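Examination of the molecular architecture
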Amino acid sequence: MNFWEKITGSDMTKEFKNFEARAKVLPEDYQAAWEKIKTNLWQHSDFTGRNLMPILDGVLGLLEETAADGQSIQEVLGEDIKGFCSALVGEEGAKSYRDKWREQLNNNIAKKLGK
């Protein structure tokens with residue numbers, strides 16, 4: 001990855017298009033789960049979203065393998081996709097980017113006020 005790709009995010013766009021092409025091959029219930037997983041994981045991204053790319057790749061690999069084995073999506077992920085995503089990013093109740101920004105803002109204001 002060169003500097004220009006990193007600045008513009010074109011490397012991530014290419015990688016994300018590859019993820020979507022791989023997901024379209026999955027069975028319909030797996031595709032629906034993939035959409036829910038993406039929605040729940042983006043809340044835990046950093047500013048660029050680069051931290052999620054390896055996680056998304058791993059999840060998609062898991063879905064591909066289990067679909068090939070003929071397992072149902074409920075056997076793989078269970079009923080709690082949001083909990084599955086929280087476990088992927090580290091721990092239950094992991095902070096979202098909004099929480100991180102709020103904490104940073106509060107710290108900056110406290111510094112300015114001299115507390």
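Up top you'll find the structure we're talking about.
Residues numbered from 1 in each chain as written. Predicted model: local features only at pLDDT ≥ 70, side-chain atom pairs only at ≥ 80, totals over all residues. Heavy atoms only, no water.

The relative placement of two packed helices comes down to the angle between their axes together with the axis-to-axis distance. Where helix α3 (residues 28-41) meets helix α4 (residues 53-69), the axes come as close as 11 Å, and the angle between the chain directions of the two elements is 160°. By the angle between their axes, α3 is roughly antiparallel relative to α4. For the pair α3 and α4, the sense of crossing is right-handed. Residues Y30, W34, I37, K38 and L41 of α3 form the contact with α4, whose own contacting residues are I55, L56, V59, L60, L63, T66 and A67. Classifying every residue of the contact of α3 with α4 by side-chain character gives ten nonpolar, one polar and one charged. (Axes fitted to C-alpha atoms, helices over the stretch in contact; angles between N-to-C directions. Helix = DSSP H or I, 4+ residues; strand = E, 2+ residues; numbered from the N terminus. Parallel < 35°, antiparallel > 145°, perpendicular 65-115°, else oblique. Left-handed = near helix turned anticlockwise from the far one by under 90°. Contact = heavy atoms within 4.5 Å. Nonpolar A, V, L, I, M, F, W, Y, C, P; charged D, E, K, R; others polar.)

Attention now goes to the side chain of E20. Checked against the element boundaries, E20 lands in helix α2 (residues 10-24). Excluding residues that lie within four positions of it along the chain, E20 makes contacts with W34, E35 and K38.

Three or four residues apart is the spacing at which side chains of an α-helix point the same way, because the helix has 3.6 residues per turn. Taken residue by residue, helix α6 (residues 81-88) has I81, G83, F84, C85 and S86 as its buried positions. Its buried side turned inward, α6 meets α3, α4 and α5 (73-77). (Buried < 20%, exposed > 50% of the residue type's maximum accessible area, 1.4 Å probe, protein only.)

As a further point, take the packing of α3 against α6. Look at α3 against α6: their axes get within 9 Å of each other, and the N-to-C directions meet at 55°. Judged on the interaxial angle alone, α6 and α3 are oblique. Handedness of the α3/α6 crossing: right-handed. Across the interface between the two elements, A33, K36, I37, N40 and L41 from α3 touch I81, K82, F84, C85 and L88 from α6. Residue composition of the contact of α3 with α6, by class: seven nonpolar, one polar and two charged.

The next subject is the nonpolar core. W34, I37, L56, L63 and L77 are the most contacted members of the largest nonpolar core, which totals 21 residues. Among the elements of the structure, α2, α3, α4, α5 and α6 are those that each provide at least two residues to this core. In this structure, L56 is in contact with F16, F19, W34, K38, L41 and W42, ignoring residues within four places of it in sequence. (Core = buried A, V, L, I, M, F, W, Y, C linked by side-chain atoms within 4.5 Å.)

The next thing to look at is the packing of aromatic side chains. With the rule as written, the count across this model stands at three aromatic pairs. Ring centres of F16 and W42 lie 6.1 Å apart, and the angle between their planes is 50°; on these two criteria the pair is classed as tilted. Residue F16 is found in helix α2, and its partner W42 is found in the loop between α3 and α4; the two are separated by 26 residues along the sequence. Overall, the relative accessible area of 22% leaves F16 in the partly exposed class. Among the residues examined, W42 registers a relative accessible area of 28% and is labelled partly exposed. With 6.4 Å between their ring centres and 80° between their planes, F19 and W34 make a pair best called edge-to-face. Here F19, found in helix α2, pairs with W34, found in helix α3; they are 15 residues apart in sequence, far enough to count as distant. W34 shares its class with F19; the two are buried. Aromatic ring contacts, followed pair by pair, group F16, F19, W34 and W42 into a single cluster. (Phe/Tyr/Trp six-rings, centres within 6.5 Å; stacked < 30°, edge-to-face > 60°.)

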